[in-house]
Amino acid sequence: MQQYVMDRPAKTVRIVLRRDISPVGDLPAGDPEELFLAYGWTEEMKKFRPLRDYTGLFKEFAELKPQTSAVLRFVSDYGFLGCTSLANIEAPGRKPSPSQVESLAAWSAHRWLLGTTLELWQHALDENEEGVSKLMSVNNGIVSLVEHHLAANPTIPHIDLLPRSMSSPFGSGSKDAPGKEAMIGAAKWLVNGTVNRALDRFVRLRLDVQQEPTHDTESESISLEPASLLGVVWLQFALYIAEHKNYQRCSHCNRWYEVQTKLARRDKTYCGVNCRSRAYRARKQQQEDE
Ligand SMILES: [Zn+2]
């Protein structure tokens, strides 16, 4: 699983307006002026290993600001989400050609879903009933994340991942408002169901048979493989829940990364050797300048 390799753009990604593109296949319905990210303008791609290199990527994604500039930076750093459609793109000085596009509204909807689900999980762990009830409702045994937020969040209809609500084993058969224990239980149950649906969709099981096995690896193995960047972030989220992982921010690049133990929290902590040596060089440079 740690070997999973995906592409990210080698250069900064550009955006196109919907009016500049004409549909080839099915494009998601949206505002006629809606913004899309275009694959066709970023021919050059770099290989990287998101699960090994960015262990806290799901938290970065959950905290992504709903601004075009922030999304563009995220795509340039980590690649496209994988919620793609096909469209004819007319780039300056070029004939229209079929390209992959991702709508910013779909980005926003996916970020909202992961961010809200993560927040709900954290409130449930803290047994924070008030926090839970701000994100989720339970009515006659129907648990819903979405109904609560629909009016305030116009991008939610772009999520084709979820039904609006699920009937649950909590609070059914009673018109009374559920108690604290039932609310916390329903929240965990809803997070569980949401993560499972995302895993069903974005993560697959793979059999790997190596023709020339090296002495330190098995020649046959089965692994979990994300099908896209969405698979990466939902798989990380599932592992965080299942394995009680801990995270902190890197003192140099400020990214979230997984820490192995709760012990010995030092003053300066880094996400990897690159940031440790960059921080060291920066300190040295500063001393020389003084
Ligand atoms: Zn770092």
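Residues numbered from 1 in each chain as written. Predicted model: local features only at pLDDT ≥ 70, side-chain atom pairs only at ≥ 80, totals over all residues.

Draft legend 1. Structural context of the overall build of the chain. Helix and strand content of the chain: 8 helices and 14 strands. Put simply, the chain has 290 residues, and 30% of those count as buried. Of the contacts made within the chain by residues no fewer than 6 positions apart, 65% connect residues no fewer than 24 positions apart. (Helix = DSSP H or I, 4+ residues; strand = E, 2+ residues; numbered from the N terminus. Buried ≥ 20, exposed ≤ 12 C-beta atoms within 10 Å, placed from the backbone. Contact = placed C-beta atoms within 7 Å.)

Draft legend 2. Representation of the sheet that holds strand E10 (residues 166–167) within the structure. Reading across the sheet, the 3 strands line up as E8-E9-E10 and stay open at both edges, with antiparallel pairing between neighbours. Edge strands, defined here as strands with exactly one partner in the open sheet, are strand E8 (137–139) and E10. Two strands pair when backbone bridges link them, and strand E9 (residues 142–144) and E10 are joined in this way by 2 bridges, in the antiparallel orientation. Paired with Ile142 across the two strands is Ser167, which belongs to E10. Contacting E8, E9 and E10, helix H6 (residues 180–202) crosses the sheet at an angle of about 65 degrees to E9. (Pairing = 2+ DSSP bridges. Axes fitted to C-alpha atoms, helices over the stretch in contact; angles between N-to-C directions.)

Draft legend 3. Up close: helix H8 (residues 273–289). Over its 17 residues, H8 runs 24 Å from end to end, which matches the ideal 24 Å to within 8%, given 1.5 Å per residue. Here H8 lies mainly on the outside; 0 of its 17 residues are buried. (Expected span 1.5 Å × (residues − 1).)

Draft legend 4. Highlighting helix H7 (residues 229–243). Along its 15 residues, H7 runs 21 Å from first to last C-alpha, staying within 8% of the 21 Å computed at 1.5 Å per residue. When we look at burial in H7, the residues that qualify are Leu229, Leu230, Gly231, Val232, Val233, Trp234, Leu235, Gln236, Phe237 and Tyr240. With its phi angle positive at about 50 degrees, His244 sits one or two positions after the end of H7.

Draft legend 5. Inspection of the packing of H6 against H7 at higher detail. At a minimum axis distance of 9 Å, the contact between H6 and H7 shows a crossing angle of 140 degrees. Taken together, the axes of H6 and H7 are oblique relative to one another. H6 and H7 meet at a crossing whose hand is left-handed. Along its contact with H6, which presents Val195, Ala198, Leu199 and Phe202, the element H7 presents Leu230, Gly231, Trp234, Leu235, Phe237 and Ala238. (Parallel < 35°, antiparallel > 145°, perpendicular 65-115°, else oblique. Left-handed = near helix turned anticlockwise from the far one by under 90°.)

Draft legend 6. Structural view of the pairing of strand E11 (residues 203–209). Along E11, only 0 of the 7 residues are buried, which leaves the element largely exposed. The sheet contact formed by E11 and strand E12 (residues 220–226) spans 7 bridges and is antiparallel. For Val203, the partnering residue across the bridge sits in E12 and is Pro226.

Draft legend 7. The packing of helix H4 (residues 104–125) against H6, seen in detail. Where H4 contacts H6, the two axes come as close as 9 Å, and the packing angle between them is 145 degrees. Where H4 crosses over H6, the handedness of that crossing is left-handed. Here Thr117, Leu120, Trp121, His123 and Ala124 of H4 lie close against H6, whose contacting residues are Ile184, Ala187, Lys188, Leu190, Val191 and Thr194. Looking at the contact of H4 with H6 residue by residue, the classes come out as 7 nonpolar, 3 polar and 1 charged. (Nonpolar A, V, L, I, M, F, W, Y, C, P; charged D, E, K, R; others polar.)

Draft legend 8. A look at the environment of Trp189. Looking at the secondary structure, you find Trp189 in helix H6. A residue is classified by how many C-beta atoms lie within 10 Å of it, and Trp189, with 16 of them, is partly exposed. Measuring from C-alpha to C-alpha, the distance between Trp189 and Val143 comes to 9.1 Å, with 46 residues separating the pair along the chain.

Draft legend 9. Structural context of the nonpolar core. The biggest cluster of nonpolar side chains holds 52 residues, and the ones touching the most others in it are Ala187 and Val233. Looking at this core, the elements with two or more residues in it are strand E4 (35–38), helix H2 (57–62), helix H3 (68–78), H4, H6 and H7. In terms of residue count, H4 provides more of this core than any other element does, 12 residues in total. (Core = buried A, V, L, I, M, F, W, Y, C linked by C-beta atoms within 7 Å.)

Draft legend 10. A look at unusual backbone geometry. Positive phi values are uncommon outside glycine, yet Glu127 reaches one of about 50 degrees. For Glu127, the location among the structural elements is in the loop between H4 and helix H5 (129–135). Even without glycine at this site, His244 takes up a positive phi of about 50 degrees. You can see His244 is positioned in the loop between H7 and strand E13 (246–249). Note on His244: 8 C-beta atoms within 10 Å, which makes it exposed.

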